[in-house]
Amino acid sequence: MSREYAESRIREALRLSRGNATKARQQVIAWSYEDPRLLMALAQPHLTGIVAHAVNRVVEHPEGAIIDEDIPATPRTLDMAPDTFGKEILKALSGAGTAIFGHESGSPALSGRRKKASQSHIDALKKLAGRTPPADKK
């Protein structure tokens, strides 16, 4: 019943807003402040997540609310000069010297030159390459 009620109110909001979804959302939010039945119908599918979030918040901060010390008074400063910040972003976006997805380990930006393989590594690869797969048992 509550799902049908919420859907009927949403349809009404869409009709009043002449199909404008943004205005309909705003109308439904305004109605939900005054209509607890509508609010419950909208929130019910998400209630488990809402309650889990509230419980985790209290577990993490037993005093209740977020402690003022957790919120910095001033934002952190950048590690670079303000005049080079935009250039660094553009450089990163252009892909110059950046890793390619899936090729991070071979990227010169991350690893420089490849290291020479040790002799034990070479021997292990040769040993693996020399093996033949076992014959299928019938």
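Everything that follows concerns the structure shown earlier in this document.
Here is a short report on the structure shown in this document.

Points about the overall build of the chain
Link 1 in the chain: The number of helices and strands found in the chain is seven helices and zero strands.
Link 2 in the chain: Listed N to C, the secondary structure of the chain is α-α-α-α-α-α-α in terms of helices and strands.
Link 3 in the chain: Within the chain, the proportion of its 138 residues that are buried is 11%.
Link 4 in the chain: Partitioning the contacts of the chain with sequence separation of at least 6, the portion at a separation of at least 24 is 24%.
Link 5 in the chain: If you sum the accessible surface of the chain, you get close to 12600 Å²; carbon and sulfur atoms cover 59% of it.

Examining unusual backbone geometry
A negative phi holds for most residues other than glycine; trans holds for most peptide bonds.
Link 1 in the chain: Despite not being glycine, arginine 18 has its phi angle at roughly 55°, a positive value.
Link 2 in the chain: On the secondary structure map, arginine 18 appears in the loop between α1 (2–16) and α2 (21–34).

Digging into the pattern of salt bridges
Link 1 in the chain: Evaluated as defined, the whole model comprises two salt bridges.
Link 2 in the chain: For arginine 11, the salt bridge identified is with glutamate 7, shortest N-O distance 3.8 Å. Of this pair, arginine 11 and glutamate 7 are both found in helix α1, four residues apart, which corresponds to roughly one turn of the helix.
Link 3 in the chain: Taking the relative accessible area as the measure of exposure, arginine 11 reaches 54% and is therefore exposed.

Some remarks on a nonpolar patch on the surface
Link 1 in the chain: A cluster of nonpolar side chains, Met40, Leu47, Ile50, Val51, Val55 and Val59, forms an exposed patch at the surface whose accessible area comes to about 500 Å².
Link 2 in the chain: Per-element accounting of the nonpolar patch gives the leading share, five residues, to helix α4 (residues 47–60).
Link 3 in the chain: With respect to the secondary-structure elements, valine 59 resides in helix α4.

Some thoughts on α2
Link 1 in the chain: If you check α2, its first and last C-alpha atoms are 20 Å apart, about what 14 residues at 1.5 Å a residue would give, namely 20 Å.
Link 2 in the chain: Taken as a whole, α2 has its buried residues at Ala24, Val28, Trp31 and Ser32. In a view along the axis of α2, the buried residues occupy a sector of 100°, so they form one face of it. Of the exposed residues in α2, those oriented more than 90 degrees away from the buried face are Lys23, Gln26, Tyr33 and Glu34.
Link 3 in the chain: Against α1 and α3 (36–43) lie the buried residues of α2.
Link 4 in the chain: Capping of α2 at its N-terminal end is provided by asparagine 20; its side-chain oxygen lies 3.0 Å from the backbone amide nitrogen of threonine 22.

Side note on the environment of lysine 23
Link 1 in the chain: Of note, lysine 23 is situated in helix α2.
Link 2 in the chain: Separated by ten residues in the primary sequence, lysine 23 and alanine 13 have C-alpha atoms spaced 7.9 Å apart.

Observations regarding the nonpolar core
Link 1 in the chain: Residues Tyr5, Ala6, Ala13, Ala24, Val28, Trp31, Leu38 and Ala41 constitute the largest nonpolar core, which totals eight residues.
Link 2 in the chain: Looking at this core, the elements with two or more residues in it are α1, α2 and α3.
Link 3 in the chain: Setting aside residues up to four positions removed in sequence, tyrosine 5 forms contacts with Asp35, Arg37 and Leu38.

Parameters at a glance
- Residues numbered from 1 in each chain as written.
- Predicted model: local features only at pLDDT ≥ 70, side-chain atom pairs only at ≥ 80, totals over all residues.
- Heavy atoms only, no water.
- Helix = DSSP H or I, 4+ residues; strand = E, 2+ residues; numbered from the N terminus.
- Buried < 20%, exposed > 50% of the residue type's maximum accessible area, 1.4 Å probe, protein only.
- Contact = heavy atoms within 4.5 Å.
- Areas by Shrake-Rupley, 256 points an atom, 1.4 Å probe, with all protein chains shown as cover.
- Salt bridge = Lys/Arg side-chain N within 4 Å of Asp/Glu carboxyl O.
- Patch = residues over 30% accessible without salt bridge, like charges linked within 9 Å, V, L, I, M, F, W, Y side chains within 5 Å.
- Expected span 1.5 Å × (residues − 1).
- Arc of directions from axis to C-beta.
- Polar contact = N/O pair within 3.5 Å; in protein donor to acceptor, adjacent residues only side chain to side chain.
- Core = buried A, V, L, I, M, F, W, Y, C linked by side-chain atoms within 4.5 Å.

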